[in-house]
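Fold and geometry: a report
Listed here are the chains, written in short residue letters.
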Amino acid sequence: KEAETDFSKEIEELRAFYRKEALERKVLYNKLQELCGNIQVFCRCRGDSPENLCFEVASDEEVVVSHKGTKKTFFFDKVYSSNATQEELFNGILPMITSCVDGYNICILAYGQTGSGKTYTMMGTKDKPGVNIRCHLTKAFSRKSTVCFTFMMSMTEIYNENLIDLLSNPPTNHLEIRTLGKSIIVPDLTQIDVKTEEDILNVMELGEKNRTMASTNLNFESSRSHLILTLRLAGNDSVSGVTSHGTLTLCDLAGSERISRTEAIGQRLVEAAFINKSLTSLAQVFSALKCNALNVPFRNSKLTHVLQPSLSGDAKDEACVLMNISPDMKNVLETLRTLQFGTSIQQVGLR
Ligand SMILES: Nc1ncnc2c1ncn2[C@@H]1O[C@H](COP(=O)(O)OP(=O)(O)OP(=O)(O)O)[C@@H](O)[C@H]1O
């Protein structure tokens, strides 16, 4: 009996130690977050080398754009030059992604004009997989062997303010978004339980297939829509008995180019107007957050409404905006616009 009591005491001490350690890790992470701000802006330069480059990467935080004989310098949390590999970029955002297992809501957004490398960054190719493919969180699993994780995955697309469920068969149009306090729910959204990396890749494949089907039915190019992949995870810690919930949202935004540049007419003009509206709403949300406005206009577009849970809350929300830029001189104005957008959100601190 004495031995039994000693053993229970030891277990209790171990639990207390474990809880303390977990708390300390959280405090340290919060401190780090305070130092870095909870929106980080990274710039990625497309990886080809035309003769006429419109910028140079001056350091791993600085990019200098040349236009009409003047040079303009932009500073970001990190600048990835044309030579940066997919792996280097992924390693830069890995700490943020893994914090999701500690109950953080993480949102990674790829922004930039059409052809600047957003899809390459997020999806990549078979040989050079991008963020979405590498985000299988296996590193997180192995880091916490005492925690049993469950994952639910959803994949949606927003085209002309129409929220489409890419995991239902056939894809369902016009999903409704409801606000429930600080969170939002999409009542009819398909969520698939995923357990392994292979499950996640299979679900992505299904989503991509349905995306092609949806774009064929509605007659649009996938680059004209926003693609949002969400992984919701719950981790039950067998030692502390605590369950934490985190969300990882990965978003490949539609091309940000101006309407005048695309010379769009008819349906293409309507698409461009919708894209413009949603990206403007995104900028407005960031600027409202920046000045701690009481009302952040999340509901002005489907995009910001869907992203609200990872942008609006407290210190547990974190975002990383990947600004993709093209090195082509003929794209210099779009490059400048993209970098200006990045600069404007750089100092945003979420509440
Ligand atoms: N860092 C890179 N290294 C090598 N190739 C790249 C890189 N970034 C982009 N590319 C290539 O450039 C082309 C355009 O990239 P991508 O399709 O990713 O652009 P995008 O911004 O997603 O365009 P859209 O908005 O039209 O979907 C693709 O052929 C892609 O493979």
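No experiment lies behind these values; they were computed from the predicted model shown.

1. Regarding the nonpolar core
In terms of nonpolar packing, the biggest core is built from 75 residues, with Cys 43, Ile 108, Leu 109, Cys 251, Val 321, Leu 322 and Met 323 touching the most fellow members. In terms of residue count, helix H8 (residues 266-290) provides more of this core than any other element does, eight residues in total. Sequence-distant contacts of Val 321, defined by excluding residues within four places in its chain, comprise Ile 39, Val 41, Leu 109, Tyr 111, Gly 342 and Ile 345.

2. Topic: the UniProt feature "binding site: ATP" (unreviewed entry) in the protein chain
Per the UniProt entry, the sites bearing "binding site: ATP" (unreviewed entry) are Gly 112, Gln 113, Thr 114, Gly 115, Ser 116, Gly 117, Lys 118 and Thr 119 in this numbering. Inspection of the secondary structure puts Thr 114 in the loop between strand E6 (105-111) and helix H3 (118-122). By the secondary structure assignment, Gly 117 is in the loop between E6 and H3. Here Gly 117 falls in the buried class, since 21 other C-beta atoms lie within 10 Å of it. When near neighbours in sequence (up to four residues on either side) are disregarded, Gly 117 contacts Arg 44, Arg 46, Gly 112 and Asn 324.

3. Some words on unusual backbone geometry
The linkage connecting Asn 169 with the following residue, Pro 170, adopts the cis geometry, with an omega of 0°. Residues other than glycine seldom take positive phi values, yet Asn 160 does so here, at roughly 50°. With respect to the helices and strands, the residue Asn 160 is situated in the loop between strand E7 (147-159) and strand E8 (162-165). Looking at Asn 160, the number of C-beta atoms within 10 Å reads 17, which means it is partly exposed.

4. Overview of the pairing of E6
Two faces make up the sheet, and in a regular strand the side chains alternate between them. Along E6, seven of the seven residues are buried, which leaves the element largely enclosed by surrounding structure. Residues Asn 105, Cys 107, Leu 109 and Tyr 111 of E6 are buried on one face, and the alternating residues Ile 106, Ile 108 and Ala 110, pointing to the opposite face, are buried as well. Where E6 meets strand E13 (residues 243-252), six bridges bridge the pair, whose relative direction is parallel. What sits directly across from Ala 110, in E13, is Asp 252. Across seven bridges, E6 lies against strand E14 (residues 317-325) in parallel orientation.

5. Re helix H6 (residues 197-218)
Between its first and last C-alpha, H6 extends 31 Å over 22 residues, near the 32 Å set by a 1.5 Å rise per residue. Listing the buried residues of H6 in full gives Ile 200, Val 203, Gly 207, Asn 210, Arg 211 and Ala 214. Each buried residue of H6 lies within a common arc of 120° when the element is viewed along its axis, so the set occupies one face. Away from its buried face, by an angle of more than 90 degrees, H6 presents the exposed residues Glu 198, Glu 205, Thr 212 and Thr 216.

Reading the values: the criteria
- Residues numbered from 1 in each chain as written.
- Predicted model: local features only at pLDDT ≥ 70, side-chain atom pairs only at ≥ 80, totals over all residues.
- Core = buried A, V, L, I, M, F, W, Y, C linked by C-beta atoms within 7 Å.
- Buried ≥ 20, exposed ≤ 12 C-beta atoms within 10 Å, placed from the backbone.
- Helix = DSSP H or I, 4+ residues; strand = E, 2+ residues; numbered from the N terminus.
- Contact = placed C-beta atoms within 7 Å.
- UniProt positions renumbered as here; feature names shortened; annotations may be inferred.
- Pairing = 2+ DSSP bridges.
- Expected span 1.5 Å × (residues − 1).
- Arc of directions from axis to C-beta.

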